[in-house]
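Here are the chains, one letter per residue:
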Amino acid sequence: MKLPQAQVALLRAADANEDRRIEAVAEEADVKPETATGAAFELEDEGLVTVSEETVESVSLTGEGRQYLDEDLPEVRFYRAAVDAGAADEPAEMGPVIGGAGLEGDAVDIALSNFARKGYGEIDSGSVRADPDADPDADSEAAALAAVESGDADGVDGHTLDQLERRGLVERSESTVRSVRLTDDGVTALMEGVEAAETVGEVTPELLTSGEWADVEFAEYNVEADAETVQGGKEHVLRQTANRVKDVLVGMGFKEMQGPHADAQFWINDCLFMPQDHPARTHWDQFALSNPEEIDHLPEDLVERVRSAHLEGVGEDGEGYHSPWTEDVARRVDLRGHTTSLSMRYLSGEQIGDLEPPERYFSVEKVYRNDTLDPTHLLEFFQIEGWVMAEDLSVRDLMGTFTEFYEQFGITDLEFKPHYNPYTEPSFELFGTHPETGEIVEVGNSGIFRDEVLEPLGVDCDVMAWGLSLERLLMLMYGFEDIRDVHGTLADLELLRSEEVVY
């Protein structure tokens, strides 16, 4: 029997008494694994071998896990430093213990949270007490890291592996492993004798120019055989949606705004008539920069008008806020908590010059907030900012704009709820229904800018504005239940590779 060279090599390396993995057979047969796989399927079609498949889970250390394997887990280092500081006998100050452990940045929070979880001791009001009976040498997670590195992850219990995976110290992956075994017909073929046929696997320029292609025998190709999986580049589903949002808004007559991510509190908050002692302006909600700490230039006349609005109000009945306002605070630089800072720059004429109604502008840009991470909140996310400047605008105009916008994404069940904002009146929030859970999800905030916002900016007509969440629009479109599946360090890469584009 004559067979292609790869099939002959695979047939001779296979075994009739046990399944052998194709990788091992390929190495023995001195052929590439992908060539051996194709040959195996071709031999299976001939009835000479059987091909079986199994899913194998593998575990590997992440970069952080490998670092902790070399340096010890942060909580172990913290415990040893605490014992060295005498915390096993009486409470020790936490600061020197952290310094003695050589911890900094995120490692400090990691050490403190896992120190108590593992029973290494207690932390109370800035002091540390270490349990003298704790044994860091017997730390199950540290032992598991060593086991994974040595290739013995099968001996680690599932709970410990789950914990390490949640901490981002190990990665689990699944792969399909194929094995071959000789059939009776395969054994018979070997006994009767097989030899390699002189076949050509591809047409080359030399074969064509010499004319030899007419006399050679070409190898048959099994077009049903599994090909090697190639993970090519793909535009992220969040970016796809952002681009689609831009297309929709441009189609509705809007122009795009652009501006700085780090900006003065003046543009982020003061122009929005948010008092300087407003809770949302503290470091609990916003990220302040230390370099640069303040902005170099602010338009003096606009600063004076904004200051007057805060302290004295606008119009005959305006009173302003009964709280202090200083330019020093206004000059401080933060990461923007909303892209309304861009709207203030454009409406004031600072960005591109004075605007005359009617005008429509939008942005789809990243913003930053010190939120608690959960399925619908991230520390940085994308906001769909927009505003319309025109005469005699009403809430009905605003609601109609949202209805038209969200219908472009198949969302027709919007709900509106009155709301309070320091900078808009009237104001309302938008909600949509999650397609999988049926839960009501907040998707944005909106309203008509108050006179206290518009008059200092020099705008003497109505302006309706909004800030919508791109990620929550994504959840309503695709049915994602957790933003972190598509955005951030916990993103589900397989989901992103396989998710269909909806347009």
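Residues numbered from 1 in each chain as written. Predicted model: local features only at pLDDT ≥ 70, side-chain atom pairs only at ≥ 80, totals over all residues. Heavy atoms only, no water.

Caption draft 1: Representation of the sheet that holds strand β3 (residues 49-61) in the model. Judged by pairing direction, the sheet is antiparallel, and its three strands sit side by side in the order β2-β7-β3 without closing on themselves. Either end of the sheet is taken by a strand with one partner, and the two such strands are β2 (20-21) and β3. Alignment of β2 against strand β7 (residues 170-182), held across two bridges, turns out to be antiparallel. Across the sheet, residue R20 finds its bridge partner in β7, namely V180. (Pairing = 2+ DSSP bridges. Helix = DSSP H or I, 4+ residues; strand = E, 2+ residues; numbered from the N terminus.)

Caption draft 2: Spotlight on the environment of R178. On the secondary structure map, R178 appears in strand β7. Considering only alpha carbons, one finds R178 and A13, 165 residues apart in sequence, at a separation of 15 Å. Side-chain polar atoms of R178 contact the side chain of E53, separated by 3.0 Å. (Polar contact = N/O pair within 3.5 Å; in protein donor to acceptor, adjacent residues only side chain to side chain.)

Caption draft 3: Region of interest: helix α19 (residues 470-478). Counting buried residues along α19, nine of its nine residues qualify, which places the element largely inside the surrounding structure. A positive backbone phi angle near 85 degrees is found at G479, which sits one or two residues after α19. (Buried < 20%, exposed > 50% of the residue type's maximum accessible area, 1.4 Å probe, protein only.)

Caption draft 4: Geometry of helix α8 (residues 140-149). When α8 is considered as a whole, its buried residues turn out to be E141, A144, L145, A147 and V148. With its buried residues spanning 165 degrees around the axis, α8 presents them on a single face. Buried residues along α8 sit in contact with β3, α4 (63-71), α5 (74-84), α7 (106-117), α9 (158-166) and β7. Residue G151 follows α8 closely and has a positive phi angle near 85 degrees. (Arc of directions from axis to C-beta. Contact = heavy atoms within 4.5 Å.)

Caption draft 5: Representation of the environment of P324 in the model. Along the chain, P324 turns up in the loop between α14 (300-312) and α15 (327-331). Classification of P324 as exposed rests on a relative accessible area of 64%. In this structure, the C-alpha to C-alpha distance between P324 and E439, residues 115 residues apart in sequence, is 42 Å.

Caption draft 6: Spotlight on the sheet that holds strand β18 (residues 440-449). In spatial order, the strands read β11-β14-β15-β19-β18-β17-β16; together these seven strands make up an open sheet with mixed pairing. Of all the strands in the sheet, the pair left with one neighbour each is β11 (255-256) and β16 (415-419). Where strand β17 (residues 424-433) meets β18, eight bridges bridge the pair, whose relative direction is antiparallel. Within the sheet, the bridge partner assigned to G432 lies in β18 and is V441. Against the sheet, helix α12 (residues 237-251) touches β11, β14 (359-368) and β15 (380-390), its axis set at about 165 degrees to β14. (Axes fitted to C-alpha atoms, helices over the stretch in contact; angles between N-to-C directions.)

Caption draft 7: Geometry of the packing of aromatic side chains. Applying the stated criterion across every chain yields a total of 14 aromatic pairs. Residues F416 and F428 carry aromatic rings whose centres are separated by 5.2 Å and whose planes lie at 85 degrees to one another, so their mutual orientation is edge-to-face. One end of the pair, F416, is in strand β16; the other, F428, is in strand β17, and twelve residues separate them in sequence. Residue classification places F416 among the partly exposed residues on the basis of a relative accessible area of 28%. A network of ring pairs unites the aromatic residues F254, F402, F416, F428 and W466 as a single cluster. (Phe/Tyr/Trp six-rings, centres within 6.5 Å; stacked < 30°, edge-to-face > 60°.)

Caption draft 8: Quick peek at the environment of K255. Residue placement: K255 occurs in strand β11. Here K255 falls in the partly exposed class, since its relative accessible area comes to 41%. Spatially, the C-alpha atom of K255 lies 6.3 Å from that of R360, the residues being 105 residues apart in sequence. Apart from the residues lying within four places of it in its own chain, the contact partners of K255 are E359, R360, Y361 and F362.

Caption draft 9: Main features of the pattern of salt bridges. Inspection of every chain in the model, using the stated rule, returns 29 salt bridges. Between R77 and E71 there is a salt bridge, and its shortest N-O distance comes to 3.5 Å. Take E71: its relative accessible area is 40%, and that puts it in the partly exposed class. A salt bridge links R167 to E141; the nearest nitrogen and oxygen atoms lie 2.7 Å apart. Remark: E141 occurs in helix α8 and R167 occurs in the loop between α9 and β7; sequence separation between them is 26 residues. Each of E75, R117, K118, D139, E141 and R167 takes part in one network of salt bridges that share partners. (Salt bridge = Lys/Arg side-chain N within 4 Å of Asp/Glu carboxyl O.)

Caption draft 10: Seen up close, the confidence of the model for the protein chain. For the protein chain, per-residue confidence averages 88 on the pLDDT scale, and residues scoring 70 or more make up 97% of the total. Ranking the helices and strands of the protein chain by mean pLDDT puts β11 first, with 96, and strand β9 (residues 199-200) last, with 68. (pLDDT = per-residue confidence, 0-100.)

Caption draft 11: Structural context of the packing of helix α1 (residues 5-13) against helix α2 (residues 22-29). Across the interface, α1 lies against α2 with an axial gap of 9 Å and an inter-helix angle of 110 degrees. One way to sum up the angle between α1 and α2 is to call them roughly perpendicular. Pair α1 / α2 crosses with right-handed handedness. On the side of α1, the interface is formed by A9, L10 and A13, while α2 contributes V25, E28 and A29. For the contact of α1 with α2, a count of residues per class yields five nonpolar, no polar and one charged. (Parallel < 35°, antiparallel > 145°, perpendicular 65-115°, else oblique. Left-handed = near helix turned anticlockwise from the far one by under 90°. Nonpolar A, V, L, I, M, F, W, Y, C, P; charged D, E, K, R; others polar.)

Caption draft 12: Main features of a nonpolar patch on the surface. Taken together, the side chains of V203, L208, W213 and F218 make up a nonpolar region of the molecular surface, amounting to roughly 390 Å² of accessible area. Inspection of the secondary structure puts F218 in strand β10 (residues 217-218). Its relative accessible area of 33% is what places F218 among the partly exposed residues. (Patch = residues over 30% accessible without salt bridge, like charges linked within 9 Å, V, L, I, M, F, W, Y side chains within 5 Å. Areas by Shrake-Rupley, 256 points an atom, 1.4 Å probe, with all protein chains shown as cover.)

Caption draft 13: Molecular detail of the nonpolar core. Of all hydrophobic cores here, the largest spans 43 residues; its most connected members are V245, I384, F402, F405, Y406, L470 and L473. Among the elements that line this core, the one with the most residues is α19, at seven residues. L473 has contacts with T241, V245, I384, Y406, F409 and I411, leaving out every residue within four places of it along the chain. With 36 residues, the next largest nonpolar core counts C271, M274, A309 and V453 among its residues. (Core = buried A, V, L, I, M, F, W, Y, C linked by side-chain atoms within 4.5 Å.)

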